[in-house]
Amino acid sequence: MNSIMAAATAGFTHNDEEGDMLIRLRDQLTNLGVNAELRDNNSALMVHRPQLGLPVWVFVGYGGAYYSWQSAEKRHPTSDPAGAANVLADYIARR
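Here is a short report on the structure shown in this document.

## Section: the packing of aromatic side chains
So, point 1. Throughout the structure, instances matching the rule amount to two aromatic pairs.
So, point 2. With centroids separated by 5.6 Å and ring planes inclined at 85 degrees, the aromatic side chains of Tyr-62 and Tyr-66 adopt a geometry described as edge-to-face.
So, point 3. Under the relative-accessibility criterion, Tyr-62 is labelled partly exposed at 45%.
So, point 4. Sitting above the plane of the Tyr-62 ring, Arg-75 keeps its charged end 4.7 Å from the centroid.
So, point 5. Lying over the aromatic face of Tyr-66, Arg-75 brings its terminal NZ or CZ to 4.7 Å of the ring centre.

## Things to note about the side chain of Thr-78
So, point 1. Summarising the element assignment, Thr-78 is placed in the loop between strand 5 (74–77) and helix 3 (81–94).
So, point 2. Judged by its relative accessible area of 11%, Thr-78 is buried.
So, point 3. There is a polar contact of 2.8 Å between the side chain of Thr-78 and the backbone oxygen of Gly-64.
So, point 4. Every residue in contact with Thr-78, bar those within four places of it in the chain, is listed here: Met-21, Val-60, Gly-64, Ala-65, Tyr-66 and Tyr-67.

## Quick look at the packing of helix 2 (residues 16–31) against helix 3
So, point 1. It is at 8 Å that the axes of helix 2 and helix 3 come closest, and there the two elements cross at 55 degrees. The orientation of helix 2 relative to helix 3 falls into the category oblique. The interaxial crossing formed by helix 2 with helix 3 has right-handed handedness. Residues Arg-24, Leu-25, Gln-28 and Leu-29 of helix 2 touch helix 3, and the partners they reach there are Pro-81, Ala-82, Ala-84, Ala-85, Leu-88 and Ala-89.

## Regarding the pairing of strand 4 (residues 66–69)
So, point 1. In the sheet, strand 3 (residues 56–61) pairs with strand 4 via three bridges, with the strands oriented antiparallel. Pairing of Phe-59 across the sheet is with Ser-68, part of strand 4.
So, point 2. Where strand 3 hands over to strand 4, the hairpin turn is made up of four residues, of which Tyr-62 adopts a positive phi near 55 degrees.
So, point 3. In the sheet, strand 4 pairs with strand 5 via four bridges, with the strands oriented antiparallel. Counted as the bridge partner of Tyr-67 is His-76 from strand 5.
So, point 4. Linkage of strand 4 to strand 5, two consecutive antiparallel strands, is achieved through a turn of four residues, within which Gln-70 is found at a positive phi near 50 degrees.

Cut-off values and rules
- Residues numbered from 1 in each chain as written.
- Predicted model: local features only at pLDDT ≥ 70, side-chain atom pairs only at ≥ 80, totals over all residues.
- Heavy atoms only, no water.
- Phe/Tyr/Trp six-rings, centres within 6.5 Å; stacked < 30°, edge-to-face > 60°.
- Buried < 20%, exposed > 50% of the residue type's maximum accessible area, 1.4 Å probe, protein only.
- Lys NZ or Arg CZ within 6 Å of the ring centre and 35° of its normal.
- Helix = DSSP H or I, 4+ residues; strand = E, 2+ residues; numbered from the N terminus.
- Polar contact = N/O pair within 3.5 Å; in protein donor to acceptor, adjacent residues only side chain to side chain.
- Contact = heavy atoms within 4.5 Å.
- Axes fitted to C-alpha atoms, helices over the stretch in contact; angles between N-to-C directions.
- Parallel < 35°, antiparallel > 145°, perpendicular 65-115°, else oblique.
- Left-handed = near helix turned anticlockwise from the far one by under 90°.
- Pairing = 2+ DSSP bridges.

Following this line, the structure appears as structure tokens:
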């Protein structure tokens, strides 16, 4: 990659550790029967609702400390992917 391309993409690097956190959350959601898929090079998780409606987008934020969704109004510690999956499953079922 030339220096111009490297400079252009420097601000768009993604932390592999955050991607791994989203993979763990996706696996926990799958265990609960929730349809979720990784998007954009593992930088986001799209969680489908059981009924018609827009999916919920989940990101890793706050320096890797939290899963966040609903414009970061909702969040759960990344150290607890099983708990986050339960919270998300309940959240999408209610909306």
